[in-house]
Amino acid sequence: MPTLKNPIHFSSIQDAEVQLETNIQSGLSVQSAHERISEYGENRLESDAGVSAWKIFLRQVSNAMCVVLILAAALSFGTTDWIEGGVISAIIVLNIVIGFFQEYNAEKTMDSLRSLASPMAHVVRDGKSETIESRLLVPGDIATLKTGDVVPADLRLVETINFETDEALLTGESLPVIKNAQVVFDMNGDVPIGDRINLAYSSSVVTKGRATGICYATGMSTEIGGIAASLRQSNPILSQKPDPDEENYRKNLRNYRFQVFLYYLKRILGLNVGTPLQQKLTVLAYVLFIIAIVLAIVVMAAHTFHVSNEVSIYAISLGICIIPESLIAVLSITMAKGQRNMSNRRVIVRKLEALEALGGVTDICSDKTGTITQGKMITRRVWIPSFGFLVIETSSPFDPTIGTVSIIHQPMEASTNVENQKPQEMQPLHAFEELIPALKISSLCNLSSVQKNQEGDWVAKGEPTEIALHVFSSRFNCGKEELLKEHRPLREYPFDSELKRMAVVYQEKEGKPEVYAKGAVERVLDRCETIGGLPLDNEKRNLALAQMETLASQGLRVLALAKKSIENLGDWEKVPREDVESNLDFIALVGIYDPPRIESKGAVKLCHRAGIRVHMLTGDHPETAKAIAKEVGIIPPFISDRDPNMSWMVMTGPQFDALSDQEVDHMKGLCLVIARCAPQTKVKMIHSLHRRGAFVAMTGDGVNDSPSLKQADVGIAMGLNGSDVAKDVSDIVLTDDNFSSIVNAIEEGRRIFDNIMKFVLHLLISNVGEAILLVVGLAFRDIHHLSVFPMSPVEILWCNMITSSFPSMGLGMEKAQPDVMERLPHDNKVGVFTKGLICDMISYGFFLGVVSLMTWVVIVYAFGTGSLGYDCNSYYHDGCREVFRARSAVFSVVTFSVLIMGFEVKNFDNSLFNLDGIPWSEWNFRYFFKKLTENRFLASSIVLAFASVFPTIYIPVINSDVFKHRPIGWEWGVVAVAVILFFIYAELWKFIRRTLSNPLAKGRLRRTLSRTITSESKLSEADLEKRLFLQSRTK
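Residues numbered from 1 in each chain as written. Predicted model: local features only at pLDDT ≥ 70, side-chain atom pairs only at ≥ 80, totals over all residues. Heavy atoms only, no water.

1. Digging into the environment of T144
- Inspection of the secondary structure puts T144 in strand β3 (residues 142-146).
- In the structure, T144 is positioned 11 residues away from L155 in sequence and 10.0 Å away in space, judged by C-alpha atoms.
- Those residues within four positions of T144 in sequence are excluded, and the remaining contacts are H122, D149, A211 and T212. (Helix = DSSP H or I, 4+ residues; strand = E, 2+ residues; numbered from the N terminus. Contact = heavy atoms within 4.5 Å.)

2. Details of the nonpolar core
- Core analysis: the largest hydrophobic core is formed by 179 residues, its most contacted members being I634, V714, I732, F739, I756, F759 and W856.
- Sort the elements by how many residues they give to this core and helix α27 (residues 739-777) lands first, with 19 residues.
- Once residues within four sequence positions are removed from consideration, W856 is found in contact with F780, V788, F789, P790, Y861, L868, V883, A886, R887 and V890. (Core = buried A, V, L, I, M, F, W, Y, C linked by side-chain atoms within 4.5 Å. Buried < 20%, exposed > 50% of the residue type's maximum accessible area, 1.4 Å probe, protein only.)

3. Focus: the sheet that holds strand β28 (residues 732-734)
- Sheet architecture is open: eight strands sit in the order β8-β28-β27-β26-β9-β23-β25-β24, paired in mixed fashion. Only two strands of the sheet have a single neighbouring strand rather than two, namely β8 (347-349) and β24 (650-652). On average, each strand axis in the sheet is inclined to that of its neighbour by 20°, with strand direction left out of account.
- Pairing between β8 and β28: three bridges, direction antiparallel. Its bridge partner lying in β28, V347 is registered against L734. (Pairing = 2+ DSSP bridges. Axes fitted to C-alpha atoms, helices over the stretch in contact; angles between N-to-C directions.)

4. Quick word on the pairing of strand β23 (residues 613-617)
- The buried fraction of β23 amounts to five of the five residues, a majority that puts the element mostly inside the structure.
- A two-sided burial pattern is seen for β23, the buried positions comprising R613, H615 and L617 on one face and V614 and M616 on the other.
- In this sheet, β23 lies alongside strand β9 (residues 363-366) in parallel orientation, the contact comprising four bridges. The residue of β23 that forms the bridge with C365 is H615.
- Pairing geometry for β23 and strand β25 (residues 673-675), over two bridges, is parallel. Looking across to β25, one finds that M616 is bridged to V673.

5. Observations regarding the packing of aromatic side chains
- Considering all chains together, one arrives at 21 aromatic pairs under this definition.
- A ring pair is formed by W920 and W923, whose centres lie 6.1 Å apart and whose planes are at 45°; its orientation type is tilted.
- What makes W923 partly exposed here is its relative accessible area of 28%.
- Among the aromatic side chains, those forming a connected cluster through ring pairs are F913, W920, W923, F925, F928, F929 and F983.
- One Lys or Arg, R491, reaches over the ring of Y493 and ends 4.6 Å from the middle of that ring.
- Just above the ring of Y876 sits the side chain of R966; from NZ or CZ to the centre is 4.4 Å. (Phe/Tyr/Trp six-rings, centres within 6.5 Å; stacked < 30°, edge-to-face > 60°. Lys NZ or Arg CZ within 6 Å of the ring centre and 35° of its normal.)

6. Focus: the UniProt feature "transmembrane region" (unreviewed entry) in the protein chain
- Under the UniProt annotation, "transmembrane region" (unreviewed entry) lies at residues 61-79, 85-104, 283-305, 311-336, 759-780, 844-864, 937-957 and 969-988.
- Across residues 283-305, the secondary structure splits into 87% helix and 0% strand, with the terminal C-alpha atoms separated by 29 Å.
- The span residues 759-780 is 86% helix and 0% strand, and its two end C-alpha atoms sit 32 Å from each other. (UniProt positions renumbered as here; feature names shortened; annotations may be inferred.)

7. Describing the pattern of salt bridges
- Scanning the entire structure with this criterion turns up 35 salt bridges.
- The salt bridge involving R345 is made with E747; its shortest N-O contact spans 3.6 Å. Of the two residues, R345 sits in the loop between α11 (327-344) and β8 while E747 sits in helix α27, which places them 402 residues apart along the sequence.
- Between R993 and D840 there is a salt bridge, with its nearest N and O atoms 3.3 Å apart. Of this pair, R993 sits in helix α35 (residues 971-996) while D840 sits in helix α30 (residues 835-862), and the two are 153 residues apart along the sequence. Per residue, the accessibility class of R993 equals that of D840, and both read buried.
- Through salt bridges with shared partners, a single network forms among E42, R44, E133 and R135. (Salt bridge = Lys/Arg side-chain N within 4 Å of Asp/Glu carboxyl O.)

8. Thoughts on helix α33 (residues 936-954)
- Here α33 is 19 residues long and its end C-alpha atoms lie 28 Å apart, about the 27 Å a rise of 1.5 Å per residue gives.
- Among the residues of α33, L938, A939, S941, I942, A945, S948, V949, T952 and I953 are the ones counted as buried.
- Tucked into the core, α33 has its buried residues touching α28 (793-803), α29 (805-812), α31 (881-904), α32 (925-933), α34 (958-962) and α35. (Expected span 1.5 Å × (residues − 1).)

9. Focus on unusual backbone geometry
- The phi dihedral of K500 falls on the positive side, at around 60°, and the residue is not glycine.
- Here K500 shows up in the loop between β16 (487-496) and β17 (501-508).
- By relative accessible area, which is 9% here, K500 ends up buried.
- Backbone geometry at D871 places phi at a positive 55°, although glycine is not the residue there.
- Of note, D871 is situated in the loop between α30 and α31.
- D871 gets classed as partly exposed once you look at its relative accessible area, which sits at 23%.

10. Here's the deal with the state of the cysteines
- Evaluated as defined, the whole model comprises one disulfide.
- The disulfide that involves C872 links it to C880, with 2.0 Å between the sulfurs. Between C872 and C880 the sulfur-sulfur dihedral comes to about -95°; the bridge is accordingly left-handed. Per residue, the accessibility class of C872 equals that of C880, and both read buried. (Disulfide = S-S within 2.5 Å.)

11. A word on the environment of K668
- With respect to the secondary-structure elements, K668 resides in the loop between α23 (661-665) and β25.
- On the basis of relative accessibility, which here comes to 48%, the residue K668 falls in the partly exposed class.
- Remark: the alpha-carbon pair of K668 and M649, spanning 19 residues in sequence, is separated by 9.5 Å.

12. Concerning the side chain of T394
- For T394, the position within the fold is in the loop between β11 (388-393) and β12 (404-409).
- A polar contact is formed between the side chain of T394 and the backbone nitrogen of S396, at a distance of 3.2 Å.
- Of note is the side chain of T394, whose polar atom sits 3.3 Å from the backbone oxygen of I402.
- Apart from the residues within four sequence positions on either side, T394 is in contact with I378, I402, G403 and R475. (Polar contact = N/O pair within 3.5 Å; in protein donor to acceptor, adjacent residues only side chain to side chain.)

13. Focus on the packing of α28 against α29
- Closest axis-to-axis distance for the α28/α29 pair is 4 Å, and the angle between their directions is 25°. On the basis of the axis angle, α28 is roughly parallel to α29. Contact residues: α28 offers N800, M801, I802 and T803, while α29 offers S805, F806 and P807. (Parallel < 35°, antiparallel > 145°, perpendicular 65-115°, else oblique.)

14. Considering the pairing of β11
- Taken across its six residues, β11 has five buried, putting it largely inside the fold.
- Note: strand β10 (residues 378-384) against β11, four bridges, orientation antiparallel. From the neighbouring strand, W383 faces β11, where its bridge partner is F389.
- As paired strands, β11 and β12 are joined by six bridges and run antiparallel to one another. The partner of F389 across the bridge, within β12, is I408.

In structure tokens form, the structure reads like this:
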């Protein structure tokens, strides 16, 4: 970092500017910024430096599957079976290498995707405002901050307007700290970090106001960087070591040591690493490992515990066959691929857990502005009590020179219905007397900017509502830049989500200070004493509210404008906000139109077809919210305004908050629209949904949305207009702030979940079949009464690692099934291991074991002599001819059957010949071939795995010494019959599933089969309508 003569908080603004060699007005040049980033490095903590290769390598070595293989290799070498041990060792190395590079690339991809959602910094460079990634900030940069921002680096403040930051992360202080850029501390004093109010610290959160500051420290040189460095020097577990002076020290020390041992043991075994699904699969691996040990004991017990090399080899074979060695690697690759697909669909996944959870979302709680609607607002109507209406028609949200302005003269006492009056176009545009106060409030009580860029196009920055007001005032040449020539800002009271209003104090060159306020109509009216200069009695108040209802019913977002003159009170920082915002004069109502996104209606309809309820939680007026909700289909078209169900479908935040939990739980259904929604209302809504058994996704963009994003099962932040705090607590970030992107994410989540079920089933089928084959195979004894395995360990490894792994990776890349968004959400509590999946696994696996045993018996006993020779588990000789040929046939049957299942599990219900279940009248061979080959990776891996069988059988030495089998001839006929039988059984089982898989059918088997995948819980239109709009309470 730059060397400073004095600590920065002792330096004045001018001294800091000189010492850091920058310019407060124009900032650094782009070239200087590049030079400084080369000199000082990126603005990031070293703990965020990226992906650790050695940690990934350790995870590959220490996962359960690899541990089993290492033990198997050790046992093989221990029994002097060098070839088998060498093959297993080669597979271990191959598995580690492939897994390492796949996971390393996946981690790098995730790291780069996370950086897309990283906090941004607003800086001035070469005199222009820019938005850059925080990591590119350098000492000397001029940074601007506003409410909701995370401070990107340590800053010396140069300008503060009602500016406060939350520094609890750094100092532990629970209350926000009021900052003042003008303060310069005495060099003789010792100023603690929390008292340096002229500084803003990295990672603190802006809770109020705006500020500008000079960056003086970045990365590990910041105050928070110093804390990070000290934390990295000691393990967090070791920091919990008990104090020798405390009571029961020895007991606590023993507990501490046990906890440390347990933690590191779980880390080594992978039980507390990864996503919940990855942890479940790791647990599964160790359960299977225990089963493998039990089966090995069974093998030894079958030989009365006379453990020879032959018995050990058989035990190794049985232990290996039960473990799906490639399951964890395939899952990691699938999840990483899914994350990349999400990014292509404008969704950044910050936490992998969200990928698993998205498919189970039952309710979406979404904001309206900018998510369901376009967020590009246009001031459409203005009502001035003493004048009438202004009607603005325009196609551009930013260009004040486009469009027309018409007027409707109407006395304050006239009817609120102005539809029958024809507007008269105003030519030329001019700011008449009654309009000027509204124009001033629209411009000055505003933080946005509207201007032409170098190319001559109109551009705007700021919140969409404020941009709409600013563009409106600019039509009459009353933009903020023009007014600031005659007006001086004295105080700003930023928008408060609780108060729902904003106010500023300005003073003209020759005049008294004036308060300008805007906000929610009810909240502004509560602070008004007059309307258009006349006393605000109940009649006029009701008239204003009636005009608001009229505008809101047209789908307009309605704001109120008010003002008053005030005496100059000197130190405005000490003046209470309530005193300033009192006794106001009501000036106007402004109706702002935010058109729904074109795709929102279709996305809401798709959610309803998928059994997902959509709730709109917005700060708008109830009528505005209801109009937009009807337009996009959140409120169904068959519900009229007079329908009794409308009373619970649309509520205001205060109405909902006033209900007790018991009253909410006894409502016919939870609100589809909550207007005037406060942050605590969103949290209450989530808790209410959770009590009904819902799995909730919640959108949010502001600091005050953080609690609800944390409470939701899936927190969704806005990437364009969201605050850094909201992004930081979210699970996923929408890069386009579009509601349809949420639906895309859910569809992708369902696709990933389906694919995980497919490859899990595919991998476990072969394990079950091989286990049955080898357990029953204990009965096949040679002349020394030792069991002869029908499949050798290397054959099993080949089937599990080569035959199954790559098709399973292909299954992880499968496209979404056509009905993926026509099913009810899956139950995240159950996960992938549903009763239906287990039923399928046992069914297919059992019959695979049966046809494999049939193949063995037919070749050895029906067409052979029935002699199993001796030492046929160790090496080949003439007495093992029938055994080795039978192994080749069994190996081929298992391999080909598993490959067939690679195609069959593409759809759990439909026939392989008609995977999409189209009418047979539309079926043709071209369709069949296209469905089989559309996933090229899957098709190619199956073809290559099929072809790989023949070299292993016919290449000398490799066949007899490595795989323990021999070339075959007529036995191919037996293989063909067995494979055809397995294929027929698979099709028959699917037919049974299609016949029985009705979620409403009676009988345990029917209900079990209906909860597997594709035909899962599809409802009729009437039942779906009842679920969505008249849902009953479920515990």
